[in-house]
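Spelled out from the first residue to the last, the chains are:
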Amino acid sequence: MDITKDQYSEEHQSAGKPVKPKNISVIQKAVEARHRRRKLVEQVLFTTFRGAAVINGLALFIIIFFMLKNGLSAITWEFLSDVPRESMTKGGILPCIVGTALLGLGAIVIALPIGVASAIYLNEYAKPGLILRTIRLGINNLAGVPSVVFGLFGLAFFVTYLKMGVSLVSGCLTLAALSLPVIIGSTEEALKAVPDTYREASLGLGATKWQTIYRVVLPASLPGILTGAILGLSRAAGETAPIMFTAAVFFTPDLPGSIFDEIMALPYHIYVLATAGTNIEATRHLQYGTALVLIALVLGMNMAAIVWRSRIRKKLK
Amino acid sequence: MSPKPKMTSSNLDFYYGDFQALQDVNLEFHERQVTALIGPSGCGKSTYIRCLNRMNDLIPISRVEGRILLDDEDIYEPSLDVVMLRRRVGMVFQKPNPFPKSIFENTAYGLRVNGVKDKGFIQNRVEESLKRAALWDEVKDRLDDTALGLSGGQQQRLCIARALAVEPEVLLMDEPASALDPIATQKIEELIHELKELYTIIIVTHSMQQAARVSDMTAFFYMGKLIEFGDTDTMFTRPKLKQTEDYITGRFG
Amino acid sequence: MRNKRQSAEKLMQRIFFSIAGASIAILFLIMVFLFMEGLPIFGVVSVGDFLFGHYWYPTSDPPDFGIFPLIIASVSVTALSSVFAIPLGVMTAIYLAELASKRVAEIVKPTVELLAALPSVVIGFFGMVVVAPFLQDVFDIPTGLNLFNSALMLAFMSIPTICSLSEDAIYSVSPGLKEGSLALGATRWETILRVILPASISGISTAVILGMSRAIGETMVVLMVAGGAGMIPESIFSPVRPLPASIAAEMAEAPFRGDHYYALFAIGIVLFVFTLLFNLVADFIAHKYRQVGEASL
């Protein structure tokens, strides 16, 4: 059915409230028939979507809530500053904190220059083509390698082949390989955020590409790069599987004296206490406490990075 | 002139947050007429046309004051369903925006979402709409091909066909030819001429010539205000206000 | 002077190029060393017996090196976790991209990001000490450490990946398409279902695949929560022993370069190949079906 001129005028002759044309069109009928259902479907679905988001949001808080509830009582000065005692059923977790800090920092010190340089190549030098595509594929796949496989690789390459043994340095190198894609990704984002006009201005003044990168692009993207470094650091600090075979041990009474020493680490300590400790039930509060310390460390770094990054983004807008 | 306008806006104000984009706009649109909205960019003409089918609802911080009537019904009435409104007030956008679907499915989209199931009806309506949009002869052998393979002008005519398929009463066109070449533009203009027999058409354009060619009435906007509104011929030959004359003759600064 | 600057420029470019190759070099080294340490096991068992053998008793005498139950465990845990994770992740993505106000999105997005940042050992620990007793009580089952629990925990590890990548894909659908649909009288939901989701389906598929790839390779959660039984599961509440869990649990006790050690590296190869395939498929989809954006003129 077509709306014709006649229908229109019919519709208008009656002033006041809108009057439906006598010859209601097929579409109008269909719209009216399904109208209530359409609205209902939309409401039900949108509520479901909102619910999904709520579940996701809640998951984080529920986990944190349980860790706080059961772990907070374990956190004392002694817990943070003492070494484990009496087969790890008493005492503190200082060696684990130190070990995790050293692992994370070491990994970043190694991965940051490589990651930043890779990102500079990808974003500033590389031209679209097979080489760029291959490198990207390599990075994506490296990001997808399971952490336990990194552990195997670290064991076979650093520990055995390069004869570094189960040590801090083997762990750092393994974690560096693992966090490399994270750093490349966030550095690229930081470089992309630098407006091209900066580059053009510098090149237009006769600077070479490298001079432009070094003096203009890098300083402008430094905050973004550092954010990425923090994210990479937190990722490395939280990993367990890669250090199981390469760096961490159940127990060592001393803090590491050299990079070739074995170490204790927070994530591994949680795993050990929770699954293989001498008295799993009795050390529960220590497990919660250790988990709480690890969460605080990792989420603290992440939150700082997120806040920092959103500030940078706002500034760039 | 027909006694009763199809659409009316009275005392319309529009805000983006704190910024007032439209100020006290009073306009009437009549059936079987083309009304052109002209004015320099940023004058509020696009904002205005998007108020007429409540497309601005999508902007979270926006606010409307005043009234817009469609056949005596206030379209900003809370009880009014915006989905129903948009079926009656169709819109064609500046950039052709066909869906990544076939030509047929693009045209049938509005019918399908509005719940029309009758296959024969859809078939007929698609053909009819494409014919009315002067596209049928060019696409009738490839209705199942993707719409993204069409030229820009064809895509825009497809978007018009798509809008016509749901039997709108008013057709809003937001610079429908600004992304097209002169030949495609001419086709669209001819089309507007034919379509005005059936629909109330409101078109935003930045081209003075286009406004003069296609419209019966012209409204000149400047800085969010309606400056002058009247018969297109009169507006272009004997504008009442100096400001309008300056803009139309290109002495605007 | 000019020459010096130019050659310095060339040198820098070359240096950056070679460093950018590091990722590929590492990937290559990973492969080399996995194969070097893993292939010797195939002198003891055939590839077929290794992959499809039903018994994994690496420490018996004579040992059995059949990883079929472990593969089934990994596949079923991943499949079940995607049953939770895909709807939750994609729905949250739709919510964030299309429905949430800017203010709400600014709270929810970082929360999801932080969920991704939680160390896996913490999620595993949570599954062990909180979820497992709960499941045991509610469903009256012998152990809460099972396929279901680990799938649930893994889901929350892959949701952030699925959610944020899907959101990017949905967000980058041209607003013109959305407006076009709404202007024809479609509701917001109809617009999402008929226009936005079809236009972003390749991005969402990539997100889902990468999320699943993360789940299948995740170690600590399955190590701590899956229950560790090296048998083919009979129900969703059966304890299982996925591939990564075997490697992590047994490497410490496997004699250096003994058959067991080689077999664990061979499991690493299987896992590596699994995730490599997932990633290649994701990459393929992302490139082959590039997002359909605004119609080009």
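None of these values were measured; they are calculated from a predicted model.

1. A short note on the overall build of chain A
Next, step 1: Counting its regular elements, chain A contains 12 helices and 2 strands.
Next, step 2: Of the regular secondary structure in chain A, the N- to C-terminal order runs α-α-α-β-β-α-α-α-α-α-α-α-α-α.
Next, step 3: In summary, chain A has a C-alpha radius of gyration of 29 Å against a globular reference of 20 Å for 317 residues, an excess of more than 25%.
Next, step 4: Oriented by its inertia axes, the alpha-carbon framework of chain A measures out at about 95 × 65 × 35 Å.
Next, step 5: Among the 317 residues that make up chain A, the fraction classed as buried is 53%.
Next, step 6: Considering only residue pairs separated by 6 or more positions, chain A has 73% of its internal contacts joining residues 24 or more positions apart.
Next, step 7: Carbon and sulfur atoms make up 65% of the accessible area of chain A, which totals about 14500 Å².
Next, step 8: Between the mean site of the 30 positive side-chain charges and the mean site of the 19 negative ones, chain A shows a separation of 7 Å.

2. A short note on the pattern of salt bridges
Next, step 1: This model, assessed by the stated rule, comprises 34 salt bridges over all chains.
Next, step 2: A salt bridge links Glu190(C) to Arg38(A), with the nearest nitrogen and oxygen atoms 2.7 Å apart. Here Glu190(C) is found in helix H9 (residues 188-217), whereas its partner Arg38(A) is found in helix H2 (residues 26-71) on a different chain.
Next, step 3: Judged by its relative accessible area of 8%, Glu190(C) falls in the buried class.
Next, step 4: On the basis of relative accessible area, Arg38(A) is assigned to the buried category, the value being 4%.
Next, step 5: In this structure, the salt-bridge partner of Asp137(B) is Lys140(B), at a minimum N-O distance of 3.8 Å.
Next, step 6: Under the relative-accessibility criterion, Lys140(B) is labelled partly exposed at 39%.
Next, step 7: Each of Lys6(B), Asp71(B), Glu73(B), Arg88(B) and Glu169(B) takes part in a single network of salt bridges with overlapping partners.

3. Quick word on the interface of chain C and chain A
Next, step 1: Contact with chain C, which involves 74 residues of that partner, is made by 82 residues of chain A.
Next, step 2: Both faces considered, chain C and chain A share a buried interface measuring about 7100 Å² in area, 78% of it formed by carbon and sulfur atoms.
Next, step 3: Taken together, the links from chain C to chain A amount to 2 salt bridges.
Next, step 4: When residues of the side of chain C that touches chain A are assigned to their parent elements, the largest contribution, 12 residues, is made by helix H12 (residues 259-288) of chain C.
Next, step 5: The class makeup of the residues in the side of chain C that touches chain A is 53 nonpolar, 13 polar and 8 charged.

4. Structural notes on the confidence of the model for chain A
Next, step 1: Per-residue confidence for chain A gives a mean pLDDT of 85; residues scoring 70 or more make up 91%.
Next, step 2: Within chain A, the element-level pLDDT minimum falls on helix H1 (residues 5-13) of chain A, averaging 40, and the maximum on helix H6 (residues 147-161) of chain A, averaging 95.

5. Considerations on the environment of Ser150(C)
All names here are of chain C.
Next, step 1: Here Ser150 lies in helix H7 (residues 147-171).
Next, step 2: Residue Ser150 is classed as buried on the basis of its relative accessible area, which comes to 0%.
Next, step 3: Spatially, the C-alpha atoms of Ser150 and Phe17 are 42 Å apart, while their sequence positions differ by 133 residues.
Next, step 4: Residues within four places of Ser150 in sequence aside, it is in contact with Val77, Val221, Val222, Val225 and Ala226.

6. Quick look at the interface of chain A and chain B
Next, step 1: If you look at the interface, chain A gives 21 residues, while chain B gives 29 residues.
Next, step 2: Buried area between chain A and chain B, both sides added, is near 2100 Å², and the carbon and sulfur share of it is 52%.
Next, step 3: For the pair chain A and chain B, the number of links is 1 salt bridge.
Next, step 4: Asp81(B) is the salt-bridge partner of Lys39(A), the closest N and O atoms lying 3.4 Å from each other.
Next, step 5: Taken together, the connections running from chain A to chain B amount to 3 residue pairs in polar contact (both at pLDDT 80 or more).

7. Let's talk about the packing of aromatic side chains
Residue and element names in this part refer to chain C.
Next, step 1: Here the structure, examined in full by the defined rule, presents 33 aromatic pairs over all chains.
Next, step 2: An angle of 90° between the planes, with centres 5.3 Å apart, marks the rings of Phe42 and Phe50 as edge-to-face.
Next, step 3: By relative accessible area, which is 27% here, Phe42 ends up partly exposed.
Next, step 4: A centroid spacing of 4.9 Å and a plane angle of 50° characterise the contact between Tyr261 and Phe265, whose relative ring orientation is tilted. In this pair, Tyr261 and Phe265 both sit in helix H12, 4 residues apart, roughly one turn of the helix.

8. As for the domain arrangement of chain A
Residue and element names in this part refer to chain A.
Next, step 1: Per the domain assignment, the segments of chain A are domain 1 (2-72) and domain 2 (77-316).
Next, step 2: Each of domain 1 and domain 2 has a C-alpha centre, and the two are 46 Å apart.
Next, step 3: For domain 1, the biggest contributors to the area lost against domain 2 are Met67, Asn70 and Gly71; these three give 67% of the whole.
Next, step 4: Applying the counting rule to domain 1 against domain 2 returns 0 salt bridges.
Next, step 5: One can count 1 residue pair in polar contact (both at pLDDT 80 or more) joining domain 1 with domain 2.

9. Details of the nonpolar core
Next, step 1: In this structure, Met67(A) and Ile30(C) are the most contacted members of the largest nonpolar core, which totals 241 residues.
Next, step 2: Membership of the second largest hydrophobic core comes to 32 residues, among which are Ile49(B), Leu52(B), Leu70(B) and Val89(B).

10. Here's the deal with the domain arrangement of chain C
Residues and elements named next belong to chain C.
Next, step 1: Assigned domains of chain C: these are domain 1 (2-43) and domain 2 (47-296).
Next, step 2: Taking only C-alpha atoms, the centre of domain 1 and the centre of domain 2 are 30 Å apart.
Next, step 3: The partner domain 2 presents 13 residues to the 12 residues of domain 1 that form the contact.
Next, step 4: Regarding the contact of domain 1 and domain 2, the summed buried area is about 1100 Å², with carbon and sulfur atoms giving 83% of it.
Next, step 5: On the domain 1 side of the interface with domain 2, the three residues burying the most area are Leu34, Glu37 and Ile41, jointly 54% of the side's total.
Next, step 6: Our count for the domain 1 to domain 2 interface comes out at 1 salt bridge.
Next, step 7: Arg257 serves as the salt-bridge partner of Glu37, at 2.8 Å between the closest nitrogen and oxygen.
Next, step 8: Linking domain 1 to domain 2 there are 2 residue pairs in polar contact (both at pLDDT 80 or more).

11. Concerning the confidence of the model for chain C
For any part of a model where pLDDT is low, the fine detail of the predicted coordinates should not be relied upon.
All names here are of chain C.
Next, step 1: Summing up the model confidence of chain C, the mean pLDDT is 90 and the portion of residues at 70 or higher is 97%.
Next, step 2: By mean pLDDT, helix H1 (residues 2-20) is the weakest element of chain C at 84, and helix H4 (residues 68-99) is the strongest at 95.
Next, step 3: Long-range and interchain partners of residues 292-297, a stretch whose pLDDT sits below 50, account for 16 contacts in this model, where long-range means more than four residues apart.
Next, step 4: Quick note on the complex model: pTM equals 0.86, ipTM equals 0.91.

12. Brief notes about a nonpolar patch on the surface
Next, step 1: A surface patch of nonpolar side chains, about 480 Å² in accessible area, is lined by Tyr161(A), Leu162(A), Phe28(C), Val32(C) and Met36(C).
Next, step 2: Sort the elements by how many residues they give to the nonpolar patch and helix H2 (residues 22-38) of chain C lands first, with 3 residues.
Next, step 3: Turning to its location among the elements, Tyr161(A) is positioned in helix H6.

13. Focus: the pairing of strand E10 (residues 225-231) of chain B
All names here are of chain B.
Next, step 1: Relative to E10, strand E9 (residues 217-222) runs antiparallel, the two being bridged by 6 bridges. Bridging across to E10, Ala219 finds its partner in Phe229.
Next, step 2: Linking two consecutive strands that pair antiparallel, namely E9 and E10, is a turn of 2 residues; a positive phi of about 50° is found at Met223 within it.

Thresholds applied
Residues numbered from 1 in each chain as written. Chains lettered and ligands numbered in written order. Predicted model: local features only at pLDDT ≥ 70, side-chain atom pairs only at ≥ 80, totals over all residues. Heavy atoms only, no water. Helix = DSSP H or I, 4+ residues; strand = E, 2+ residues; numbered from the N terminus. Rg over C-alpha atoms; globule rule 2.2 N^0.38 Å. Buried < 20%, exposed > 50% of the residue type's maximum accessible area, 1.4 Å probe, protein only. Contact = heavy atoms within 4.5 Å. Areas by Shrake-Rupley, 256 points an atom, 1.4 Å probe, with all protein chains shown as cover. Lys, Arg positive; Asp, Glu negative; His and termini not counted. Charge placed at Lys NZ, Arg CZ, Asp CG, Glu CD. Salt bridge = Lys/Arg side-chain N within 4 Å of Asp/Glu carboxyl O. Buried area = accessible area lost by both parts, 1.4 Å probe. Nonpolar A, V, L, I, M, F, W, Y, C, P; charged D, E, K, R; others polar. pLDDT = per-residue confidence, 0-100. Polar contact = N/O pair within 3.5 Å; in protein donor to acceptor, adjacent residues only side chain to side chain. Phe/Tyr/Trp six-rings, centres within 6.5 Å; stacked < 30°, edge-to-face > 60°. Domains from an automatic or database assignment. Core = buried A, V, L, I, M, F, W, Y, C linked by side-chain atoms within 4.5 Å. Patch = residues over 30% accessible without salt bridge, like charges linked within 9 Å, V, L, I, M, F, W, Y side chains within 5 Å. Pairing = 2+ DSSP bridges.

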